[in-house]
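# Secondary and tertiary structure notes
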Amino acid sequence: MTDADDLRARTRALLAEHPPATTSKAGFLAARFDAGLAWVHYPEGLGGLGAARSLQSVVDAELAAAGAPDNDPRRIGIGLGMAAPTILAYGTEEQKRRFLRPLWLGEEVWCQLFSEPGAGSDLAALSTRAVLGDDGVWTVTGQKVWTSSAHLARWAILIARTDPAQPKHRGITYFLCDMTDPGVEVRPLRQITGEAEFNEVFLTGVRIPDSHRLGEVGEGWQVARTTLMNERVSIGGSTGGRESGMIAPLARAWRERPELRTHALHQRLVTLWVEAEVARLTGERLRQQLAVGQPGPEGSGLKLSFARLNQQISGLEVELLGDEGLLYDDWTMRRPELVDFTGRGPGYRYLRSKGNSIEGGTSEVLLNIVAERVLGLPTEPRTDKDVAWKDLAR
């Protein structure tokens, strides 16, 4: 049984054999993965050692103290937080060995082809179609939207309708889509921030081999729920110390600009500071729960809190700064690799946080999930539950 002492010894052996100062970043990360120290709770041979998930912090602390490089997790967050746990849970052995290593190393960026123009909050109403040919290859046609990192991605996790005669939550199948294949077109969506961090993706006769199907045919919704639960934990439960995240620049501005302070603003700042700390500790508790199981609907509550706090904190920061808060640093149209909340100005934080209550599941949908699956309240009436998708009004 791998314990903390064993992991420290393994990590120090890795550092001795591959000193970060003299080893290339790619070489060090590859050695770390092969040593089972990438994500220690994964199986041996897949970047892990089958250890307790909670022990990952032991490895991370040793590597951070030694100045070892990381795999730039913000840039490959969709792969790490959504694709990887889904592939681990439902993938074949061949799929796990093909995809997990380059995903963790950051050699292959992933995106998520779920939402559609007519299927956002009601994701199960999706209309992208996948038809299986006699040659064992699926042909996929449809449109996806709000796709982060599609302009960078090599691979995508994709859900498509394979049986329109089934009710909308059935007849969906989950695929791994090569974004470089013919028929995949990525178009930027410029946001209120000026950047095009999101995209819309058009799929026109894209051919996906059945070997790139994840899970059973028609059971894609069950697979997708695993992705969505991990996504919400990934968005809402980001790691960080006390006074990290969006509260950090607000607290810094308060300390450095005493002439801007008022009693009313102070009361609001203290309230938000406490709520941000509560959310951080709740996220830490949820990550500890993950050490003994899969994420559950509790992640939806954490993501709800994340969205609300980001919007309130960024709004207070703009209000505190007055006229300065209305200035905007750069409207240049860019297609960035990641969202940098703390590296930009208060105007950017204010505008970008508006998307937090939409991405990763709207706050309205998440409130329903918390009400029904956490609190056990009666479900909303759903008249389309047993109606074939093809017979639904659209």
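Up top is the structure.
First, a word on what this report is: a plain description of the structure on this page. (Residues numbered from 1 in each chain as written. Predicted model: local features only at pLDDT ≥ 70, side-chain atom pairs only at ≥ 80, totals over all residues. Heavy atoms only, no water.)

## Section: the overall build of the protein
For the protein, the count of helices and strands is eleven helices and eight strands. Relative to the compact-globule value of 21 Å for 394 residues, the protein shows a C-alpha radius of gyration of 22 Å, a close match. The principal-axis extent of the C-alpha atoms belonging to the protein is close to 70 × 55 × 45 Å. For the protein, restricting intrachain contacts to residue pairs at least 6 apart in sequence, the fraction spanning at least 24 positions comes to 70%. When the accessible surface of the protein is summed, it comes to about 18,600 Å², and 53% of that surface belongs to carbon and sulfur atoms. When the 46 positive and 51 negative side-chain charges of the protein are each reduced to one mean point, those points stand 2 Å apart. (Helix = DSSP H or I, 4+ residues; strand = E, 2+ residues; numbered from the N terminus. Rg over C-alpha atoms; globule rule 2.2 N^0.38 Å. Contact = heavy atoms within 4.5 Å. Areas by Shrake-Rupley, 256 points an atom, 1.4 Å probe, with all protein chains shown as cover. Lys, Arg positive; Asp, Glu negative; His and termini not counted. Charge placed at Lys NZ, Arg CZ, Asp CG, Glu CD.)

## Some points on helix α1 (residues 4–17)
Along its 14 residues, α1 runs 20 Å from first to last C-alpha, staying within 8% of the 20 Å computed at 1.5 Å per residue. Every buried residue of α1 is listed here: Leu-7, Thr-11, Leu-14 and Leu-15. End-on view of α1: buried residues confined to an arc of 95 degrees, all on one side of the axis. Turned more than 90 degrees from where α1 packs its buried face, Asp-5, Ala-16 and Glu-17 sit exposed. The inward-facing, buried residues of α1 contact α2 (25–34) and α3 (56–65). Backbone nitrogen of Asp-5 and a side-chain oxygen of the N-cap are separated by 3.3 Å at the start of α1; the cap is Asp-3. (Expected span 1.5 Å × (residues − 1). Buried < 20%, exposed > 50% of the residue type's maximum accessible area, 1.4 Å probe, protein only. Arc of directions from axis to C-beta. Polar contact = N/O pair within 3.5 Å; in protein donor to acceptor, adjacent residues only side chain to side chain.)

## A look at the pairing of strand β1 (residues 110–113)
Both faces of β1 are covered, namely the face carrying Trp-110 and Gln-112 and the face carrying Cys-111 and Leu-113. Relative to strand β4 (residues 155–161), β1 runs parallel, the two being bridged by four bridges. Each bridged residue has a counterpart across the sheet, and for Trp-110 the counterpart in β4 is Trp-155. (Pairing = 2+ DSSP bridges.)

## Details of the packing of α2 against helix α5 (residues 93–105)
Contact geometry of α2 with α5 gives a least axis separation of 10 Å together with a crossing angle of 135 degrees. As far as their axial angle goes, α5 and α2 are oblique. Our pair here, α2 against α5, has a crossing hand that is right-handed. Residues Leu-29, Ala-30, Arg-32, Phe-33 and Asp-34 of α2 pack against Leu-100, Arg-101, Trp-104 and Leu-105 of α5. For the contact of α2 with α5, a count of residues per class yields six nonpolar, no polar and three charged. (Axes fitted to C-alpha atoms, helices over the stretch in contact; angles between N-to-C directions. Parallel < 35°, antiparallel > 145°, perpendicular 65-115°, else oblique. Left-handed = near helix turned anticlockwise from the far one by under 90°. Nonpolar A, V, L, I, M, F, W, Y, C, P; charged D, E, K, R; others polar.)

## Focus on the pattern of salt bridges
Summed over all chains, the structure comprises 33 salt bridges. A salt bridge links Arg-154 to Asp-178; its shortest N-O distance comes to 3.0 Å. Placement of the pair is Arg-154 in the loop between β3 (137–144) and β4 and Asp-178 in strand β5 (residues 172–178), with a sequence separation of 24 residues. Assessed through its relative accessible area of 29%, Arg-154 is described here as partly exposed. Residue Asp-178 is classed as buried on the basis of its relative accessible area, which comes to 11%. (Salt bridge = Lys/Arg side-chain N within 4 Å of Asp/Glu carboxyl O.)

## Here we look at unusual backbone geometry
For Asp-72, which is not glycine, the phi torsion reads 55 degrees and is therefore positive. The residue Glu-243 is not glycine, and still its phi comes out positive at about 60 degrees. Within the fold, Glu-243 resides in the loop between α6 (220–236) and α7 (247–256).

## Let's talk about the environment of Thr-128
Relative to the helices and strands, Thr-128 is located in the loop between β1 and β2 (129–132). Placed 34 residues apart in sequence, Thr-128 and Thr-162 show a C-alpha to C-alpha distance of 8.8 Å. Apart from residues lying up to four places away in sequence, Thr-128 is in contact with Glu-116, Val-140, Thr-141, Gly-142, Gln-143, Lys-144, Ala-160, Arg-161 and Leu-203. In this structure the side chain of Thr-128 is engaged in a polar contact, spanning 2.7 Å, whose partner is the side chain of Glu-116.

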